[in-house]
Amino acid sequence: MLDILRRIVQEVNLANDLEQALDVIVRRVKSVMNVDVASVFLKNDDEYVLMATDGLNQDAIGKVRMKEGVGLVSLVGQRAEALNLADASENPRFMRFPEASEEKFHGFLGVPIIHHRNVLGVLVVQSSAIQKFSQDDETFLITVAAQLAGAIVHAEASGGISGLKQETKAKKRGEKEHQSRPIHGLPGAPGVAMGTAIVMYPPADINAIPDRQVEDIEKEIQRFDQAVESVVEDIKALSARLKDVLPEEDRALFDVYLLMLNSQAISGITRDRIREGNWAAGALRQTIQEHEKVFHEMEDSYLRERADDVRDLGRRILKYLQQENRDKIDFPDNTVLVGEDISASMLAEVPAEKLAGVISVRGSRTSHVAILARAMGIAAVMGATDLPVNRIDGLQVVADGYSGRIFVAPSEKIIDEFRRLIDEEAALSDELMELRDLPAQTEDGIEISLLVNSGLLSDITPSLQSGAEGIGLYRTEFPFMERTRFPSEEEQRGIYRQVMESFHPRPVTLRTLDVGGDKALPYFPIEEDNPFLGWRGIRITLDHPEIFLVQVRAMISASEGLDNLKILLPMISDITELNDALGLIHQVYGELLEEGKQVVMPEVGVMIEVPSAVYQAGNLSRRVDFLSIGTNDLTQYLLAVDRNNARVASLYDSLHPAVIRAILQVVESARVHNKPVSVCGEMAGDPVAALLLLAMGIDSLSMSVSSLPRVKWVIRNVTRERARQILSEVLLIEDAAGIRQYLANTFEKAGMGGLVRAGN
Ligand code: PEP
Ligand code: MG
């Protein structure tokens, strides 16, 4: 059963558009369940429309429509549960549609198709016999519908976009304009980007390859032929090398590969596709996917496995195509980088002046790519799971980083609307820049330090120009990630010195290495089932004091003569970890003094980012000079919501009452010991949250450089008294969405809505 299900889902995922996907579903379900009819109804506004059927009259497709509240199909949707009837016509909700020719069918089983709590439609099977379907039939159909919901959404979006491409052409011919519908992702970094989608994909991932138009078709065919030729050479060489190891019959597989490579089925068809205008990699993807589909449909498991061989060949050809192609992407002005999983290094490939925004299918607001996007001041939409990535390369896109909406090939009306918002944004930014040299002081004279988060040397200049009072969090893992081995003490010292010198005499808070979780070092792989609950941050560096001691030596010796260093310890969950880390820091300090270095003992702080640290904030405060609340991880651990998982991202909100109360508790505990508290998670850069943090008595906020002007504006336009009133209202609200809504309304009323949405 599982095998059948897997094959149906695979086939649906390979469909080119919604129509094809639904067609596969009804055909497969009808034959696997051995029923007389299988149909799919999709919900369109307030009615259910027959979109595909195997068994009913094909002419009825698109014509049979049921308003909500009428008919059995809409009853399934309304209740969001299965309906299993021996004779549908006996039911009072039954409606007859003569055009469907369904009078001879009696047994009816309908199950809802639900995606992210939304009923998308209903999957129905019918039989001519008067009998209820079995429990097994019911559970099978529910399982199929649950698995297919995501694929249907995806196919719908792809179909929509293929349609849009045609419509764009039609528009050029002066035909009627379409109405753009947005695809929903998650807000990643504030701002609005409008530009050309450039799809980036990891090397040799065939499914991630986008379609792309080429001009010089003959040259493209030549490139493809050369790549195939290189693979032929490789396989021949491999076969020769294995001559003494593998018996003749096993090596025969290589001959099959060679035949396949040169066949019309792979090379010939790919060449035809290139002739139609697609580039070699995109044409190859289409061919390989088509073959995979055919193999997957085969009953024989041996033949089905051959799909893997086709994929392997595809990957080999692709590798050669990419080798030649990698450096040649010509990034247009206003590039919007799009990909399944955009990484920090992909971001770095685009010249900064050309990059307008980022859209990633995976990840969320607190993924490190989103953090980088904020540091660079560009809009980002994350978790765009319904975006058909390989169909949008080269199209115009709009990414709204405030709301998470994406418009592909938008209509003129939408373009005009966003152009206006972008202009307003720019004007607002200019206005905000004027605050640069003014203090972050409330109307009643309370000052709060605004600091920046950094981790890249390229950040330093914008950070300095932003008017920040120092660096509140320097993520040292970025210099570690860019290398192929651990950086030496001298290399680290050089980097830290540069940062401290640039900001001197303002403070620079260097955090000790915080890898693990979602931050991997290529040369120090960690394989774990639950990386966020595993070997992370201080846990790794205490287990490897040789790494920790070198880093702390580099930090303290770099501060010689500057004395503006603060050291921050990540992921402390237990007092003994802090004691051990402090012991090592003192050891390094003592050694440096013995060596005659003129260093002073830096202030040491601890990050509060694990629930256990919240409850021990008093004991921790006693031992250190300051606390810094890492709300990104604290939210993740308090709410048990993975910060990178788009599926649960709607549950991830640092304005959750539990997070707010945890922060209040930390502030109170630190106050007993007279220790300052800062917030360095993304929450600090969210204007509405910053207002609450001000009210709580947080001493400093550290954020991405691009968030700083907005937060400063909020602080300068409010009194602490008013902030406290707002906080007391917020404490009465019981859920994050309610709190966010209340704060958004409060901002609108105060004329500050432009800080939290597009426009001014
Ligand atoms: C945090 O967890 O809030 C934090 C600032 O650290 P990072 O995002 O690097 O985990
Ligand atoms: Mg953290």
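In every chain, residue numbers begin from 1 and rise along the written sequence. Lettering for chains starts from A, numbering for ligands starts from 1, and both go in the order in which the items are written. Totals for whole chains, interfaces and linings use all residues, but because this is a predicted model, local features are given only for residues with pLDDT of at least 70 and pairs of side-chain atoms are given and counted only at 80 or more. Here the side-chain values reflect all heavy atoms present in the structure, with hydrogen atoms and water set aside.

Trainee: Lay out the coordination of the magnesium ion (ligand 2) with the relevant residues and their values.
Mentor: The magnesium ion (ligand 2) binds to the protein through Glu609 (OE) and Asp633 (OD); the donor distances cover 2.0 to 2.2 Å. Residue glutamate 609 is found in the loop between β19 (603–608) and α19 (611–615), and its partner aspartate 633 is found in helix α21 (residues 631–639); the two are separated by 24 residues along the sequence. Aspartate 633 shares its class with glutamate 609; the two are buried. A donor here means any N, O or S atom no more than 2.8 Å from the metal (3.2 Å for Na, K and Ca); water is not included, so a site may seem to lack partners. Secondary structure counts use DSSP, requiring at least four H or I residues in a row for a helix and at least two E residues in a row for a strand, with both numbered from the N terminus. Relative accessibility under 20% of the residue-type maximum defines a buried residue, over 50% an exposed one, and the middle range a partly exposed one, all with a 1.4 Å probe and only protein chains included.

Trainee: Residues and numbers for the sheet that holds strand β11 (residues 355–360), please.
Mentor: Pairing between strands is defined by DSSP: at least two bridges between them are needed. Read from one edge of the open sheet, 8 strands run β7-β14-β13-β9-β10-β11-β12-β8, paired in mixed fashion. In this open sheet, the two edge strands, each paired with only one partner strand, are β7 (183–184) and β8 (186–189). We call two residues in contact whenever any of their non-hydrogen atoms come within 4.5 Å of each other. Every angle, taken between N-to-C directions, lies between 0 and 180 degrees, and every axis is a line fitted to C-alpha atoms, over only the stretch in contact when it is a helix. The strands that helix α12 (residues 412–433) touches are β9 (192–199), β13 (396–400) and β14 (405–408); relative to β9, the one it contacts most, it runs at about 120°.

Trainee: I'd like to hear about the site of ligand 1, residue by residue, with values.
Mentor: In this text, near means that some heavy atom of the residue lies within 4 Å of the molecule or strand in question. Neighbouring ligand 1 are 16 residues, the closest being Arg475, Arg511, Gly630, Asn632 and Arg643. Here glutamate 609 contributes a side-chain N or O atom positioned 3.0 Å from an oxygen atom of ligand 1. Counting of polar contacts relies on pairs of N or O atoms within 3.5 Å, with two restrictions inside protein: one atom must be capable of donating a hydrogen and the other of accepting it, and residues adjacent in sequence are counted only when both atoms are side-chain atoms. Threonine 631 is positioned such that a nitrogen or oxygen atom in its backbone is 3.1 Å from an oxygen atom of ligand 1. When ligand 1 sits alone it has 290 Å² of accessible area, and the protein chains cover 100% of it. Grid points spaced at 1 Å and placed over the protein atoms alone form the basis of the search, with a cavity being a set where a 1.4 Å probe fits but cannot get out and a pocket an open set showing protein on both sides within 12 Å along at least five of seven lines. Lining residues have an atom within 4 Å of a point. Cavities and pockets are treated as containing a molecule whenever more than half of the molecule's atoms lie within 2 Å of their grid points. When each cavity is represented as a set of grid points, ligand 1 is found to reside in the second largest cavity. Every element with two or more residues in the shell around ligand 1 is listed here: β16 (471–475) and α21. Each accessible area value is a Shrake-Rupley result obtained with a 1.4 Å probe; residue values ignore everything except the protein chains displayed when judging cover.

Trainee: Residue-level account of the domain arrangement of the protein, with values.
Mentor: What the domain assignment lists for the protein is domain 1 (2–165), domain 2 (179–201 + 340–428), domain 3 (206–328) and domain 4 (435–755). A separation of 27 Å is found between the C-alpha centroids of domain 2 and domain 4. Contacts between the two partners involve 17 residues from domain 2, matched on the other side by 22 residues from domain 4. Put simply, buried area is how much 1.4 Å-probe accessible surface two parts lose in total, over both of them, once they are put together. Three residues, Thr366, His368 and Arg374, lead the burial of domain 2 against domain 4; their summed loss comes to 34% of the area buried on that side. Put simply, a salt bridge is a Lys or Arg side-chain nitrogen that is within 4 Å of an Asp or Glu carboxyl oxygen. Ionic pairing is found between glutamate 682 and arginine 374, a salt bridge with its closest N-O pair at 2.5 Å. Counting every contact that joins domain 2 to domain 4 gives 4 residue pairs in polar contact (both at pLDDT 80 or more). Broken down by secondary-structure element, the contributors of at least two residues to the side of domain 2 that touches domain 4 are α11 (368–376) and α12. Broken down by element, the side of domain 2 that touches domain 4 gets its largest block of residues, 5 residues, from α11. Looking at side-chain class alone, the side of domain 2 that touches domain 4 contains 6 nonpolar, 8 polar and 3 charged residues. Here the bounds of each domain stem from an automatic or database domain assignment. Classification convention: Asp, Glu, Lys, Arg as charged; Ala, Val, Leu, Ile, Met, Phe, Trp, Tyr, Cys, Pro as nonpolar; all other residues, Gly among them, as polar.

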